[in-house]
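# Examining the three-dimensional arrangement
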Amino acid sequence: MHIPKNMEMTGEDAIKAFISDYGFGVLVSNDLNATHLPLIYEAEEEALGCLYGHFGKANAHWKVTENQRVVVIFNGPHSYISPSWYETKPAVPTWNYSAVHCYGVLKLLSDKENEWAMKQLVAKYEPDLLDAPEMMPNDYQAKLRQSVVGFKIVVDDIHAKEKLGQHRKSDDQTGVFAALSDSTNPNDIALSAYMKKRNLGIGNK
């Protein structure tokens, strides 16, 4: 991913939070196969952390990814930016976005390891289910795990980018941020909230 220096997302905490918040990624292998799936990031494992997830066994993608280097793409908020929102003229339309790419080697998990990894996913998105055996009995979970293939990716490189208009003049940033904030488009609203949270592209240059 091309990342100009003024658009690089830096800081381990920021990247870890991004992957946690936008953890539904796209796993791409060397043969350009892609699978969309939720992942858990264990940042303290190995040098750059590990990603855990699982394929449906019917998805043949797992057969070609074992011990192969892959990339996982995590997308954050993004939206169209109109040139009419800028104070500076002339200007052209663009698209603002945030994204993190994680590279690493994929290893398949044992059933015991996969059981742990799947529980981490449940704990993240609906922890109460872990204490609801009537909803997810242990034998039912064990049966369903036979239809998936768990994996972890040992991350060896991370590219992180935030293209939020932070390189433009303060008045241009203010115009964009105001237009996004006043919009009723869900993408615009999500992007403006992200910009405010990250304190980027909101006119405080």
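Relevant structure appears above.
Sequence order as written defines the numbering, with residues in each chain counted from 1. Per-residue local features of the predicted model are confined to residues with pLDDT of at least 70, and side-chain atom pairs are confined, for both listing and counting, to 80 or more; whole-chain, interface and lining totals are unaffected and use all residues. The side-chain numbers reported here are obtained from all heavy atoms of the structure, hydrogens and water having been left aside.

### Describing the side chain of Ser79
With respect to the element layout, Ser79 can be found in strand 5 (residues 69–81). To sort residues, take the accessible area from a 1.4 Å probe on protein chains only and compare it with the maximum for the residue type: under 20% means buried, over 50% means exposed, and anything in between is partly exposed. What makes Ser79 buried here is its relative accessible area of 5%. What counts as a helix is a DSSP run of H or I of at least four residues, what counts as a strand is a run of E of at least two, and both are numbered from the N terminus.

### Details of the environment of Asp31
Position of Asp31 relative to the elements: it lies in the loop between strand 1 (24–28) and strand 2 (34–38). Separated by 33 residues in sequence, Asp31 and Val64 have C-alpha atoms that sit 8.5 Å apart. For Asp31, the side chain forms a polar contact with the side chain of Ser29, separated by 2.5 Å. Identification of polar contacts relies on pairs of N or O atoms within 3.5 Å, with a donor-acceptor requirement for protein atoms, meaning one able to donate a hydrogen and the other able to accept it, and with residues adjacent in sequence counted only if both atoms are side-chain atoms. A distance of 3.1 Å separates a polar atom in the side chain of Asp31 from the backbone nitrogen of Asn33.

### Some points on helix 3 (residues 111–125)
Expected span of a helix: the number of residues minus one, times 1.5 Å. Over its 15 residues, helix 3 runs 21 Å from end to end, which matches the ideal 21 Å to within 8%, given 1.5 Å per residue. Of all the residues in helix 3, the buried ones are Asn114, Glu115, Ala117 and Leu121.

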